[in-house]
Amino acid sequence: AQSVTQLDSHVSVSEGTPVLLRCNYSSSYSPSLFWYVQHPNKGLQLLLKYTSAATLVKGINGFEAEFKKSETSFHLTKPSAHMSDAAEYFCVVSEWSSGGSNYKLTFGKGTLLTVNP
Amino acid sequence: NAGVTQTPKFQVLKTGQSMTLQCAQDMNHEYMSWYRQDPGMGLRLIHYSVGAGITDQGEVPNGYNVSRSTTEDFPLRLLSAAPSQTSVYFCASSRDRGSSYEQYFGPGTRLTVT
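Figured I'd write up the structure that's included with this text. In this text the structure is predicted, and so the values were computed from the model without any measurement. (Residues numbered from 1 in each chain as written. Chains lettered and ligands numbered in written order. Predicted model: local features only at pLDDT ≥ 70, side-chain atom pairs only at ≥ 80, totals over all residues. Heavy atoms only, no water.)

Things to note about the overall build of chain A
The condition that has to hold: Counting from the N terminus, the helices are the DSSP runs of H or I reaching at least four residues and the strands are the DSSP runs of E reaching at least two. As defined in this context, the radius of gyration uses C-alpha atoms, and a globule is described by 2.2 Å times the residue total to the power 0.38. We call a residue buried when its accessible area falls under 20% of the maximum for its residue type, exposed when it is over 50%, and partly exposed in between, using a 1.4 Å probe and counting protein chains only. Residues are treated as being in contact if the distance between any of their heavy atoms lies within 4.5 Å. Only the protein chains shown count as cover for residues, and the accessible areas themselves come from Shrake-Rupley with a 1.4 Å probe.
Helices and strands together make up the secondary structure of chain A, namely 0 helices and 12 strands. In chain A, the succession of helices and strands from N to C terminus is β-β-β-β-β-β-β-β-β-β-β-β. A compact globule built from 117 residues should have a C-alpha radius of gyration of about 13 Å, and chain A, at 14 Å, falls within 12% of that. Considered along the principal axes of its C-alpha atoms, chain A spans approximately 50 × 30 × 20 Å. The 117 residues of chain A split such that 44% are buried. Relative to all contacts within chain A whose residues are 6 or more apart in sequence, the contacts with residues 24 or more apart total 57%. For chain A, the computed accessible surface area is about 5700 Å², with 52% contributed by carbon and sulfur atoms.

With respect to the interface of chain B and chain A
Convention followed: Summed over both partners, the accessible area (1.4 Å probe) lost when two parts come together is defined as the buried area. Within this document, salt bridges are pairs made up of a side-chain nitrogen of Lys or Arg and a carboxyl oxygen of Asp or Glu, the two lying within 4 Å of each other. Pairing of N or O atoms within 3.5 Å defines a polar contact, subject to two protein rules: one partner must be a possible hydrogen donor and the other a possible acceptor, and residues neighboring in sequence count only if both atoms are side-chain atoms.
Taken together, the contact pairs 23 residues of chain B with 22 residues of chain A. Roughly 1800 Å² is buried in total at the junction of chain B and chain A, and carbon and sulfur atoms are behind 51% of that figure. Viewed at the interface, chain A and chain B are joined by 0 salt bridges. For the pair chain B and chain A, the number of links is 3 residue pairs in polar contact (both at pLDDT 80 or more). Elements supplying a minimum of two residues to the side of chain B that touches chain A: strand S4 (31–37), strand S5 (43–51) and strand S9 (87–94) of chain B.

Focus: the state of the cysteines
All names here are of chain B. As a reminder, the rule being used: Note on disulfides: each one is a pair of cysteine sulfur atoms within 2.5 Å.
Enumeration over the complete set of coordinates arrives at 2 disulfides over all chains. At a sulfur-sulfur separation of 1.9 Å, the disulfide partner of Cys23 is Cys91. A torsion of -70° about the S-S bond marks the disulfide between Cys23 and Cys91 as left-handed. Of this pair, Cys23 sits in strand S3 (residues 19–25) while Cys91 sits in strand S9, and the two are 68 residues apart along the sequence. Note on Cys91: relative accessible area 0%, which makes it buried.

Quick word on the pattern of salt bridges
Side chains that differ in charge, positive against negative, can pair when their charged atoms come close. Throughout the structure, instances matching the rule amount to 5 salt bridges over all chains. Across the pair Asp8 of chain A and Arg22 of chain A runs a salt bridge whose closest N-O atoms are separated by 3.1 Å. Taken together, the residues span a long stretch of sequence, with Asp8 of chain A in the loop between strand S1 (3–6) and strand S2 (10–14) and Arg22 of chain A in the loop between strand S3 (19–21) and strand S4 (23–26) at a distance of 14 residues. Notably, a salt bridge pairs Asp38 of chain B with Arg36 of chain B, separated by 2.9 Å at the nearest N-O pair. The burial state of Asp38 of chain B is the same as that of Arg36 of chain B; both residues are buried. Here the salt bridges do not stand alone but share partners, grouping Arg36, Asp38 and Arg44 of chain B into one network.

Laid out in structure tokens, this is it:
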């Protein structure tokens, strides 16, 4: 069974400093992994995804994530935070169900990123 | 393209009332789904559809019905609203049901049941 753990429910950084949002997952097979961002009162938007190609994935707005199979981690980073990065971030794992008839998405509980001026 | 649209944006219901949340997409996506988002719980899958005429239950289906008569539309029906259904509801679509495909989300419907 797959699961996702976002290790911090809230992260606060100063503008211009690095961002690290941590995500650990468990999966029986070879999963696809995603990070989505949700700005206040908006829907979710894809930041980046890993689908068994390069382990370092670059996304939009300067974000990137590294897939580490040995650590079952998929942490999201950005070198320099901007005020517009303030939002909630969700780590998502996707894999085929055991019967192979469909895939299942499992969402982490989210990390709220606050960016201070 | 409008992407995924949802109506209404906000709704207040009394316990026992029924209503339909509308969802439409103009990207010709086969896969559509409904999620609810509650504080501190991430998103949980209610129902999904892999194509017109085909629907199935997700993680939290009780109290909700869906149908998929066209590729574009995937309405969610609350049969008899309960306070536990107070939540934000998101509709999503993706090109196919492959595990690596991106989900496109609508803007959400904020539902309050009193």
